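Secondary and tertiary structure notes
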Amino acid sequence: KVSDNFFKVFDVVIQLGAILAVVLIYFKDIWPFTNDTKKAYTKHGLLSHLDKNITNLWGKILVACVPAAIVGLLFDDKFEALFYNPVCVSIALIIFGIAFIVIENWHKGRKSITYKDALIIGVFQLLAAIFPGVSRSGATIIGALLIGVSRKVSAEFTFYLAVPVMFGASLLKIVKYGLNFTGTEIALLILGMVTAFIVSLWIIKFLMNYIKKHDFKVFGWYRIILGALVLLYFLVIK
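Residues numbered from 1 in each chain as written. Predicted model: local features only at pLDDT ≥ 70, side-chain atom pairs only at ≥ 80, totals over all residues. Heavy atoms only, no water.

1. Some remarks on the packing of helix H7 (residues 115–130) against helix H8 (residues 136–146)
Running from amino to carboxyl end, H7 crosses H8 at an angle of 150°, the nearest separation of the two axes being 8 Å. In this structure, H7 crosses over H8, and the sense of that crossing is right-handed. Packed against H7, whose contacting residues are Ile121, Phe124, Gln125 and Ala128, the element H8 presents Arg136, Ala139, Thr140, Ile142, Gly143, Ala144 and Leu146 at the interface. Classifying every residue of the contact of H7 with H8 by side-chain character gives 7 nonpolar, 3 polar and 1 charged. (Axes fitted to C-alpha atoms, helices over the stretch in contact; angles between N-to-C directions. Helix = DSSP H or I, 4+ residues; strand = E, 2+ residues; numbered from the N terminus. Left-handed = near helix turned anticlockwise from the far one by under 90°. Contact = heavy atoms within 4.5 Å. Nonpolar A, V, L, I, M, F, W, Y, C, P; charged D, E, K, R; others polar.)

2. Re the packing of aromatic side chains
On inspection of all chains with the given rule, the structure shows 9 aromatic pairs. Measuring from centroid to centroid gives 5.4 Å for Phe27 and Trp31, while their planes differ by 15°, and the two rings are stacked. Phe27 gets classed as partly exposed once you look at its relative accessible area, which sits at 40%. The class for Trp31 is partly exposed, based on a relative accessible area of 42%. On the numbers, 6.0 Å between centres and 75° between planes, the contact of Tyr210 with Phe219 is edge-to-face. (Phe/Tyr/Trp six-rings, centres within 6.5 Å; stacked < 30°, edge-to-face > 60°. Buried < 20%, exposed > 50% of the residue type's maximum accessible area, 1.4 Å probe, protein only.)

3. Focus: the pattern of salt bridges
Within the structure shown, the criterion is met by 2 salt bridges. Arg151 serves as the salt-bridge partner of Glu104, at 2.9 Å between the closest nitrogen and oxygen. Placement of Glu104 in helix H6 (residues 86–104) and of Arg151 in helix H9 (residues 151–177) is noted, with a sequence separation of 47 residues between them. Among the ionic pairs, Lys152 bridges to Glu156, the shortest N-O distance being 2.7 Å. Here the residue Lys152 and the residue Glu156 both occupy positions in helix H9, the gap between them amounting to 4 residues, near one helical turn. Taking the relative accessible area as the measure of exposure, Lys152 reaches 43% and is therefore partly exposed. (Salt bridge = Lys/Arg side-chain N within 4 Å of Asp/Glu carboxyl O.)

The following block contains the structure:
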């Protein structure tokens, strides 16, 4: 038997495994320092060895984090109390499933993201912080598609954005509930992270290969069907 606090931490902390998979796959795209970093300490300073394109990317990532970070810190418990129930989750699944299908029919596929785009995507990410059932990745991809960003760039930016978001969310949970767990619980946390890491390596590569030739409509239909089944179960069957 495990504690209630363990489950609350487990839901978030195991996602660190998925984030480590993102870091491994996209390390060259998100590591801001050039190969001459060692010289930076003796000659021109560390800042002179930053890759401008990657630091610009991190600037956009941080901008996109701001809306969810502010609202999450202030209202996380209230939103969880209001919306964390089967009906709200299933409705969110269905609505965002429909959004995937509708938006895919007319998005243009631009290949760059501006700071304004990053802020808009961050606002969409905020929906995931408010409504359970609205996945963070789904919300940010829909936001990016809606403003005309290509599928590939939308998915990649979502992965990049997950790094600070999930590290931050995990840290908040740990600070809130502590790490006063038994040896068994800690072992389960580690096992969950390792499993998430291995599975995520495969899923990320599969997804990026998939969207080269396909759109996101299949994920929309998946959400609609899942949401309908959950709603049916809790309103009719149970």
